[in-house]
Amino acid sequence: MKRDEWFQALDRALADFSAEEREKTRLFYEEMYSDLTEDDCTEEEAVARLGAPEEIARDLRAESPADAAFAGQSAGRKALIIILLVLGFPIWGSLALTAACLLLVAYILIWVPVLVLAAVALGCLAGAIVMAVASPFLMAHNPAMGLVQLGMALAGLGVGLFSFVGFLYSCRAMARLTVWLTRKTAKLLRKNRRDAK
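Quick notes on the rules
Residues numbered from 1 in each chain as written. Predicted model: local features only at pLDDT ≥ 70, side-chain atom pairs only at ≥ 80, totals over all residues. Heavy atoms only, no water. Patch = residues over 30% accessible without salt bridge, like charges linked within 9 Å, V, L, I, M, F, W, Y side chains within 5 Å. Areas by Shrake-Rupley, 256 points an atom, 1.4 Å probe, with all protein chains shown as cover. Salt bridge = Lys/Arg side-chain N within 4 Å of Asp/Glu carboxyl O. Helix = DSSP H or I, 4+ residues; strand = E, 2+ residues; numbered from the N terminus. Buried < 20%, exposed > 50% of the residue type's maximum accessible area, 1.4 Å probe, protein only. Axes fitted to C-alpha atoms, helices over the stretch in contact; angles between N-to-C directions. Parallel < 35°, antiparallel > 145°, perpendicular 65-115°, else oblique. Left-handed = near helix turned anticlockwise from the far one by under 90°. Contact = heavy atoms within 4.5 Å. Arc of directions from axis to C-beta. Phe/Tyr/Trp six-rings, centres within 6.5 Å; stacked < 30°, edge-to-face > 60°. Lys NZ or Arg CZ within 6 Å of the ring centre and 35° of its normal. Polar contact = N/O pair within 3.5 Å; in protein donor to acceptor, adjacent residues only side chain to side chain. Core = buried A, V, L, I, M, F, W, Y, C linked by side-chain atoms within 4.5 Å.

(A) Looking closely at a nonpolar patch on the surface. A cluster of nonpolar side chains, namely Leu 104, Ile 108, Val 112, Val 116, Val 120 and Val 159, defines an oily patch on the protein surface of about 460 Å² accessible area. In terms of residue count, the dominant contributor to the nonpolar patch is helix 7 (residues 89–141) (five residues). Along the chain, Ile 108 turns up in helix 7. The class of Ile 108 is partly exposed, set by a relative accessible area of 44%.

See the structure below:
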């Protein structure tokens, strides 16, 4: 295919795009063609490296889904679609907000046990330190109560360390779960966007 034929095919493939978008795309590919021919490519080789005009138009539509949704639509139909989107906002906007809130609740539910473990660990460790420091003073007045408090300090230290280890392991697990949930949500949104086209 010759240069002029290729650019005519590109113009036909981009017929439903705005004049500004067509001009911008044409200038980009003309510059690309010039670079290829300067690198000692023949006219046919340069055109072959640019790719098929239909594929280029399809890729551009995929990059700008809003323009693709209106591609080939008359002005009246575009206006009707925009009016329906605006009037339907109370419905689809509240549904989108509900979906976002549900996703936020899922993230909160994932991380609440981790935060509880962290709070238990910090509380037990801080309490154990305070009780261990206060035990000698209590032992001076009441040895039995001082020993009980020292035992409780050791028990608090054990529970705090156990909770801290649980916090570390659950934090890693919940981070992986959060990444998985985010990827699944993004994949679902991409699939829905693809299906809508």
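From this point, things continue past the structure.
(B) Summary view of the packing of helix 2 (residues 19–38) against helix 3 (residues 43–50). Axis separation between helix 2 and helix 3 bottoms out at 9 Å; the angle between their running directions is 135 degrees. If you check the angle between helix 2 and helix 3, you find them oblique. Here helix 2 runs over helix 3; the crossing is right-handed. Together, Tyr 29, Met 32, Tyr 33, Leu 36 and Thr 37 of helix 2 and Glu 43, Ala 46, Val 47, Arg 49 and Leu 50 of helix 3 make up the contact between the two elements.

(C) A look at helix 1 (residues 3–13). Restricting attention to buried positions, one finds in helix 1 the residues Trp 6, Phe 7, Ala 9, Leu 10 and Ala 13. Axial view of helix 1: buried residues confined to an arc of 155 degrees, hence all on one face. Opposite the buried face of helix 1, by more than 90 degrees, sit the exposed residues Asp 4 and Arg 12. Contacts from the buried residues of helix 1 go to helix 2, helix 3 and helix 4 (53–63).

(D) Focus on the packing of aromatic side chains. As enumerated under the stated definition, the model contains six aromatic pairs in all. Geometrically, the ring pair formed by Phe 28 and Tyr 29 is edge-to-face, given 5.0 Å between the ring centres and 90 degrees between the ring planes. Residue Tyr 29 is classed as buried on the basis of its relative accessible area, which comes to 13%. The interplanar angle of 35 degrees and the centroid separation of 6.2 Å between the aromatic rings of Phe 164 and Phe 167 together place this pair among those described as tilted. Here Phe 164 pairs with Phe 167, and both are found in helix 8 (residues 143–196), just three residues apart, close to one helical turn. Ring-pair connections join several aromatic residues into one group, and the members of that group are Trp 6, Phe 7, Phe 28, Tyr 29 and Tyr 33. The ring centre of Tyr 33 lies 5.4 Å from the NZ or CZ of Arg 3, which sits over that ring. Above the ring of Tyr 169, the side-chain terminus of Arg 172 is found at 5.4 Å from the ring centroid.

(E) The side chain of Ser 135, seen in detail. If you trace the backbone, Ser 135 turns up in helix 7. Looking at Ser 135, its side chain comes within polar contact range of the main-chain oxygen of Met 131, at 2.7 Å. Look past the residues within four positions of Ser 135 in its chain and what remains in contact with it is Gly 146, Gln 149 and Leu 150.

(F) Representation of the nonpolar core within the structure. By size, the foremost hydrophobic cluster in this structure holds 16 residues, and its most contacted members are Trp 6, Leu 10 and Tyr 29. Residue assignment for this core shows that the elements contributing at least two residues are helix 1, helix 2, helix 3 and helix 4.

(G) Region of interest: the pattern of salt bridges. Tallying each qualifying case throughout the model produces seven salt bridges. A salt bridge links Asp 16 to Arg 61; the shortest N-O distance between them is 2.8 Å. Here Arg 61 lies in helix 4 and Asp 16 lies in the loop between helix 1 and helix 2, a separation of 45 residues in the sequence. For Asp 16, a relative accessible area of 33% puts it in the partly exposed group. With relative accessibility at 24%, the residue Arg 61 sits in the partly exposed group. A salt bridge links Glu 30 to Arg 26; its shortest N-O distance comes to 2.9 Å.

The quantities given are spatial measurements derived from coordinates; they are silent on function.
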